Structure formats: C-alpha cells, structure tokens
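Single-letter residue listing:
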Amino acid sequence: MRFRHGRAAAAALAAAAVIGLPACSAVLGEEESLLDADTLTVGVKTDQPNLGLEDGSGGITGFDVDVAFYIADRLGFAAEDVEVTGVTSADREEKLISGEVDMVVATYSITPARKTQVTFGGPYYVAKQDVLVRAEDTDVRGVRDLEDRSVCQGEGSYSAVRISEGLGIGIEQREAPSYSACIDALRAGEVDAVSTDNLILAGFLAEEPDAFRFVNNPFTDEKYGVGLPHGDVRACEAVNRAISQMYQDGTAEELLEHWFGGINPQLVVTSVPQFEGCDPT
Ligand code: GLU
C-alpha cells in the first residue's frame, strides 16, 4: 500500500510542523488505516475454480476476486490502483501481518484463533462444509461415513480438524499444499475424500462433473471474512458498509448467480449475513 497525501493530511502535517508536534497519526486524530493509502493489494486464491483462479493469461478470476474489486471501489480505490495477488490458506495471516497484502478475500473463514491476528470485515458469505468423493464411491453418504477413511485438507486450512476434533470422527487426516492438490490426490485415488466449503467443492465439481460426487451433507457455518490488518477498525467498518451495499444493490446476488447459479441454485443467497463486529480481540 502506498499512502495518500491528501490535502487534509498535508495541512495537518504542516500544522504539526508549525507548532512543533511530531507528525504522527495522533495529530490527525485517527489510527493508521489502509483507507489512507492510494493503492490496495488484495490476496486471493489462484487455484480454486469460480472463486479465485489464474486464467492462464496473467489474470485471476472468480467470485472472491469480483467481491474484492467491488469492496475496493466502495473504499475509494480506482480499479487501476488495485492489485490482486495469490495467497494460500497457509500464508494468509503472515502476508497480512507483514504488509505484503492489505486485504484478503480468499475463502477465509472467520475463527476465534485467526481473529487474534487478523481483523475481519463481514462475513460476505456463509458457506457450509461438505464432502467430495470419487464418482464411483457410493458408500459415503454423509460426513459420519468418513470414519477410518483418508480425508485431505489444504495446508493452513482447518477443514479436516472440524471433522476430527469438531465432530469426533476418526478420520485419517492428510494434508496437501492446497485444495487443488487435494483434488488431484482424490482423482488419483491417493485419498478417499476432500472435505471443505461447499462453494470450493462446487467449483471443482463443475470442472469435472463425471469424476467426482458431491455428498451434499452440509455441516458447520463457514463465515467468509475479509481479512484486514489487525486493529484496522476504520477499514473494517468501511468494508462492512460496502458488503451491505453489495447485497442491497443486487450485486451479491448477481455475482453468486453468475459464478454458482448454474452449478447449484441453493448457493445463491440474497440477504446480507449477520456481521461479526470489528472490535479487535
Ligand atoms: N474456509 C476454510 C478455511 O478458511 C477452508 C478453505 C480455505 O482454507 O481457504 O480454513
């Protein structure tokens, strides 16, 4: 992020110089926020179809990318000042903390543990965890049938833990660098199932409808947050206003319809999710 040198800020800094105060954010009366920058770098996934996927010509497309650009626009950033860059489940916190990215829109569930490192706007969508198996595997009818089976999760994600620790089901937990790597392992017969958010599984299933079967036994609420630097309450509140507007003006429905309506109409929702609140923990 590059900081804006707006007229108000410049005037305040000049006044600070005249009266001999340090030119710190306290003089401006507000904490530092990404809202004061003139460029915005947003982390998105690059290997999840319909959510964030590299298109082969240098671009990244999908629902999360569109949500990121909508929010950036409402925060006052012109499209040419917004850069999207790849993040993985494992490096989202690290990249926000180091400042490599200013914002993360990447199927990023809000959890109490993550909230200690990241401030979350939203959620902008509430997904449900579900299960994908190979098409010929007709035995798995629900999450309980995963007992003693190998289940893959992307590194840095917590989907498998939701089954083992959350539901007390004894799975053989496997990990791959990403969910696309889990899908490769499932296709190759190296694992029995991939369990994660229905939105993610829907994207992969749409690419290979004959290879996989969606179990359709939803469990858990996966609240997709907009990851922000810890404590940037001003940005969080602005993001929440943008998300409300995205639902009010019909954009959320339009985007969900565009990316998921043809796969599963149940994934298209029209009302804004209940926000978590911006207070840092
Ligand atoms: N939403 C889940 C999580 O944040 C799984 C998907 C992901 O890791 O991106 O852990």
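Here is what the cut-offs are and how they apply
Residues numbered from 1 in each chain as written. Predicted model: local features only at pLDDT ≥ 70, side-chain atom pairs only at ≥ 80, totals over all residues. Heavy atoms only, no water. UniProt positions renumbered as here; feature names shortened; annotations may be inferred. Near = heavy atom within 4 Å. Polar contact = N/O pair within 3.5 Å; in protein donor to acceptor, adjacent residues only side chain to side chain. Areas by Shrake-Rupley, 256 points an atom, 1.4 Å probe, with all protein chains shown as cover. 1 Å grid on protein atoms, 1.4 Å probe; cavity = no way out; pocket = protein on both sides within 12 Å on 5 of 7 lines; lining within 4 Å. Sits in = over half its atoms within 2 Å of the grid points. Nonpolar A, V, L, I, M, F, W, Y, C, P; charged D, E, K, R; others polar. Pairing = 2+ DSSP bridges. Helix = DSSP H or I, 4+ residues; strand = E, 2+ residues; numbered from the N terminus. Points joined across faces, edges and corners; volume = space filled by probe spheres on them. Phe/Tyr/Trp six-rings, centres within 6.5 Å; stacked < 30°, edge-to-face > 60°. Buried < 20%, exposed > 50% of the residue type's maximum accessible area, 1.4 Å probe, protein only. Lys NZ or Arg CZ within 6 Å of the ring centre and 35° of its normal. Salt bridge = Lys/Arg side-chain N within 4 Å of Asp/Glu carboxyl O.

Within an unreviewed UniProt entry, the label attached to the chain reads Extracellular solute-binding protein family 3, and the organism entered is Nocardiopsis dassonvillei. What UniProt records for the chain under Sequence similarities (unreviewed entry) is the sentence "Belongs to the bacterial solute-binding protein 3 family."

Here we come to the site of the ligand. Surveying the vicinity of the ligand reveals 16 residues, the closest of which are Lys45, Ser89, Thr107, Ser109 and Asp197. Thr107 places a polar side-chain atom, nitrogen or oxygen, 2.7 Å from an oxygen atom of the ligand. Contact between the ligand and Asp197: a nitrogen atom at 2.7 Å from a side-chain N or O atom of the residue. Expressed as a share of its isolated accessible area of 280 Å², the protein-covered part of the ligand is 100%. Among the detected pockets, the ligand sits in the largest cavity. When the residues that make up the shell around the ligand are grouped by side-chain class, the tally is six nonpolar, six polar and four charged.

Pairing within the open sheet is antiparallel, and its three strands lie in the order 2-3-4. Two strands close off the open sheet at either side, each with one partner strand: strand 2 (47-48) and strand 4 (60-61). Two strands pair when backbone bridges link them, and strand 3 (residues 52-54) and strand 4 are joined in this way by two bridges, in the antiparallel orientation. Residue pairing across strands places Glu54 opposite Ile60, the latter belonging to strand 4.

Take empty space enclosed by the protein next. If you walk through the whole model with that rule in mind, you get two cavities of 30 Å³ or more. When its volume is computed, the largest cavity comes out at roughly 90 Å³. Split by residue class, the lining of the largest cavity holds three nonpolar, six polar and five charged. Roughly 70 Å³ of internal volume is contained in the second largest cavity. In this structure, the second largest cavity is lined by Lys115, Val118, Thr119, Phe120, Gly277, Cys278, Asp279, Pro280 and Thr281. A per-class count over the lining of the second largest cavity returns four nonpolar, three polar and two charged.

Sites flagged by UniProt as "domain: Solute-binding protein family 3/N-terminal" (unreviewed entry) map to residues 39-263. Summarising residues 39-263: 35% helix, 29% strand, and an end-to-end C-alpha distance of 35 Å.

Here we take up the packing of aromatic side chains. Under the defined criterion, the tally for this structure stands at six aromatic pairs. Each ring, one from Phe63 and one from Tyr125, has its centre 6.3 Å from the other, and the planes form 75°; the classification is edge-to-face. One end of the pair, Phe63, is in helix 3 (residues 63-74); the other, Tyr125, is in strand 7 (residues 118-134), with 62 residues separating them in the sequence. Taken as a pair, Phe63 and Tyr125 share a single burial class, namely buried. Under the relative-accessibility criterion, Tyr125 is labelled buried at 3%. Linked through ring pairs, Phe63, Tyr124, Tyr125, Tyr224 and Phe260 together constitute an aromatic cluster. Above the plane of the ring of Tyr158 lies Arg114, whose end atom (NZ or CZ) is 4.9 Å from the centre.

As enumerated under the stated definition, the model contains 14 salt bridges in all. For Arg187, the salt bridge is made with Glu208, and the minimal N-O distance between the two is 2.8 Å. With Arg187 in helix 7 (residues 179-187) and Glu208 in the loop between helix 8 (198-207) and strand 11 (212-214), the pair connects residues that are 21 residues apart, well separated along the chain. With its nearest N and O atoms 3.1 Å apart, the salt bridge here joins Lys223 to Glu276. In this pair, Lys223 sits in strand 12 (residues 219-229) while Glu276 sits in the segment after helix 10 (251-261), placing the two residues 53 residues apart along the sequence. In this structure Lys223 comes out as partly exposed when scored by relative accessible area, which is 29%. Residue class for Glu276 comes out partly exposed when judged on its relative accessible area of 30%. Members of the salt-bridge network, linked through shared partners, are Asp91, Lys95 and Glu100.

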